[in-house]
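Overview (structure and organization)
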Amino acid sequence: MKVLVVDSGGRGHAIAWQFQNDPGVKEVICAPGNAGIALEIRCENARTDEEILELAKKEKVDLVFIGPESPLTRGIVNLLLEEKIPVVGPVKRASILEGSKAYTKLLCREIGVPVAEFEVFEDPQKAKDYIAYVKYPVVVKADGLAQGKGSIVCSDEKEAYHAIDRLMVEKIFDEAGQKVVIEKRLFGIEISFFIFTDGESIAPMPVAQDYKRAYDNDEGLNTGGMGAYSPHRLEGEKLNRLVCEKVAMPLIRGFAEKEGVQYKGILYCGLMLVEDTPYLLEANVRLGDPEAEVILPRLKTPLSDISLQIINGVLSDKKVEWSQDYYCDVVAAVGRTRQIKDGKSKGWYHGYPGRYGKGYPISGIENVENPACKIFFAGVNNSPEKGLITDGGRVLHVVGKGKTLQEARDIAYRGIEKIHFEGIRYRKDIGKE
Ligand code: AMP
Ligand code: GLY
């Protein structure tokens with residue numbers, strides 16, 4: 001089987017690597033991939049949906065696996081299916097579960113999936129009046145896609161008003177903030193819960209802990225994720241049953257009943273466990289990044305088999321097996337760097353998730369020799385003069401594997417300490433329980 005993975009970051013590297021080690025797969029192509037992925041997997045520079053379609057046709061691939069949300073919400077699955085190309089991922093209509101937070105929250109309310117108290121607003125003044133009225137701390141969320149940064153967790157009214165101004169007036173995420181969801185801030189245990197689904201059955205994946213905040217002890221702004229580990233201490237049959245019964249199954253069935261469209265692919269439930277209730281904070285239509293980097297390596301069943309079961313509507317959770325090894329992913333991001341213009345220093349960039357510099361040479365990769373330490377590349381590029389250079393805020397993921405969480409985390413940290421680029425910054429508390 002020949003597989004095309006559509007992605008350009010660490011998650012795409014992990015997916016492509018999984019297929020590369022899959023006995024049912026002969027060849028893997030990643031599009032567009034990046035210069036780090038290209039060190040071990042063939043990458044092709046197809047970026048638009050049409051270019052991806054052309055590539056899939058030209059290469060006669062047997063399967064396409066879509067990594068990120070943007071092509072899904074644009075409808076790349078519809079485009080590929082029209083040409084009868086087998087693809088893993090929900091169709092455009094079903095991708096609204098991530099494309100509009102307001103839609104999903106309203107659906108959850110309608111069908112009884114637990115969500116925090118919320119309201120939806122299109123008028124900034126009405127949004128502020130609501131914040132003043134409810135009194136409790138809230139989270140202000142841009143309705144549309146905002147690269148995982150569209151939710152602003154607020155401690156008091158002042159912060160919440162400021163969040164409304166940034167999203168709705170300054171429009172920092174453009175049209176994504178035209179509408180906002182304001183919801184009660186919950187306090188509990190946050191986990192990322194993923195399932196495979198063929199539209200009828202679900203197969204839960206193991207649980208990963210993501211670290212969303214930029215700095216140690218969960219301080220700083222929300223990011224796309226600064227690290228992750230799996231297994232999670234709460235993982236197991238009991239949690240699977242609870243989440244599948246209360247959240248995943250009702251959402252998939254409720255969506256199909258309402259829209260007459262099946263949801264197929266991967267569903268990511270961002271949950272807050274408060275006592276015994278799993279509240280859905282967000283639904284995403286894809287694997288998480290960095291969660292994929294610690295979950296996929298635990299997959300013992302070939303991903304190609306699962307993909308075909310999803311496509312053919314014959315998925316069975318009995319057939320999906322996972323290892324009990326621990327994986328810990330520490331993300332190397334670009335922190336504070338000098339802002340240089342016309343050869344002169346113009347002050348400082350604060351670094352990811354704020355503004356950051358690009359093009360810094362990456363060194364020390366070759367010194368990470370431990371076979372239990374794997375690097376998945378995210379924001380990297382190649383320069384003819386400098387070799388591998390940084391090209392994004394999250395640059396690479398260093399993933400350690402161990403029999404215990406402690407061992408996995410030690411291996412990841414020993415690996416990342418050998419890597420250098422200007423401004424490198426990573427959290428020191430990933431996997432520290
Ligand atoms: P979201 O984009 O909805 O996933 O939110 C991003 C992050 O904000 C989540 O992973 C949580 O850490 C936090 N968050 C979102 N909604 C809530 C909530 N209702 N209560 C507390 N934290 C939340
Ligand atoms: N790690 C969070 C996300 O992928 O959205």
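In what follows, the accompanying structure is described. Note that the structure is a prediction, hence the values are computed from the model and not measured.

This paragraph deals with the overall build of the protein chain. Across its full length, the protein chain carries twelve helices and 25 strands. For 433 residues, the compact-globule estimate of 2.2 N^0.38 gives 22 Å, and the C-alpha radius of gyration of the protein chain, at 21 Å, lies within 12% of that figure. Considering only contacts in the protein chain between residues 6 or more positions apart, those separated by 24 or more positions represent 67%. For the protein chain, the exposed area adds up to about 18,800 Å²; of that, 48% sits on carbon and sulfur atoms.

Where like charges cluster on the molecular surface, the positive patch consists of Lys341, Lys344, Lys346 and Arg355. Tracing the backbone shows Lys346 in strand E20 (residues 344–349).

Take the site of ligand 2 next. The immediate surroundings of ligand 2 are formed by Asp210, Lys212, Gly224, Tyr268, Asn284, Arg286, Gly288, Asp289, Pro290 and Glu291. The separation between an oxygen atom of ligand 2 and a polar side-chain atom of Arg286 is 2.9 Å. Measuring from a nitrogen atom of ligand 2, one finds a side-chain N or O atom of Glu291 at 2.9 Å. Contact with the protein chains removes 92% of the 200 Å² of surface that ligand 2 exposes when unbound. Here the shell around ligand 2 is composed, by residue class, of two nonpolar, three polar and five charged.

This brings us to the packing of helix H7 (residues 124–134) against helix H8 (residues 157–169). One can describe the packing of H7 onto H8 by two numbers: an axis separation of 10 Å at closest approach and a directional angle of 165 degrees. Classed by the angle they form, the pair H7 and H8 counts as roughly antiparallel. In the crossing of H7 with H8, the sense of the turn from one axis to the other is right-handed. Every residue of H8 that contacts H7 at Pro124, Ala127, Lys128, Ile131 and Ala132 is listed here: Glu157, Ala160, Tyr161, Ile164, Asp165, Met168 and Val169. Grouping the constituent residues of the contact of H7 with H8 by class yields nine nonpolar, no polar and three charged.

The sheet contact formed by strand E22 (residues 380–383) and strand E23 (residues 387–390) spans four bridges and is antiparallel. Among the inter-strand pairings, Asn381 is bridged to a residue of E23, identified as Ile389. Counting the residues in the hairpin turn of E22 and E23 gives three residues.

Now for the nonpolar core. Among the nonpolar cores identified, the biggest contains 51 residues, and Leu4, Val64 and Leu280 are the most heavily contacted of them. Considering each element in turn, this core owes the most residues, nine residues, to helix H9 (residues 237–259).

For the rest of this paragraph, the subject is the site of ligand 1. Residues in close proximity to ligand 1 total 15 residues, the closest being Ser151, Glu183, Leu186, Glu190 and Glu282. Between ligand 1 and the protein, one listed contact pairs an oxygen atom with a side-chain N or O atom of Ser151 at 2.7 Å. In this structure, an oxygen atom belonging to ligand 1 sits 3.5 Å away from a main-chain N or O atom of Leu281. Counted by class, the shell around ligand 1 contains five nonpolar, two polar and eight charged residues.

Conventions adopted
Residues numbered from 1 in each chain as written. Chains lettered and ligands numbered in written order. Predicted model: local features only at pLDDT ≥ 70, side-chain atom pairs only at ≥ 80, totals over all residues. Heavy atoms only, no water. Helix = DSSP H or I, 4+ residues; strand = E, 2+ residues; numbered from the N terminus. Rg over C-alpha atoms; globule rule 2.2 N^0.38 Å. Contact = heavy atoms within 4.5 Å. Areas by Shrake-Rupley, 256 points an atom, 1.4 Å probe, with all protein chains shown as cover. Patch = residues over 30% accessible without salt bridge, like charges linked within 9 Å, V, L, I, M, F, W, Y side chains within 5 Å. Salt bridge = Lys/Arg side-chain N within 4 Å of Asp/Glu carboxyl O. Lys, Arg positive; Asp, Glu negative; His and termini not counted. Charge placed at Lys NZ, Arg CZ, Asp CG, Glu CD. Near = heavy atom within 4 Å. Polar contact = N/O pair within 3.5 Å; in protein donor to acceptor, adjacent residues only side chain to side chain. Nonpolar A, V, L, I, M, F, W, Y, C, P; charged D, E, K, R; others polar. Axes fitted to C-alpha atoms, helices over the stretch in contact; angles between N-to-C directions. Parallel < 35°, antiparallel > 145°, perpendicular 65-115°, else oblique. Left-handed = near helix turned anticlockwise from the far one by under 90°. Pairing = 2+ DSSP bridges. Core = buried A, V, L, I, M, F, W, Y, C linked by side-chain atoms within 4.5 Å. Buried < 20%, exposed > 50% of the residue type's maximum accessible area, 1.4 Å probe, protein only.

Distances and angles like these do not, on their own, reveal function.
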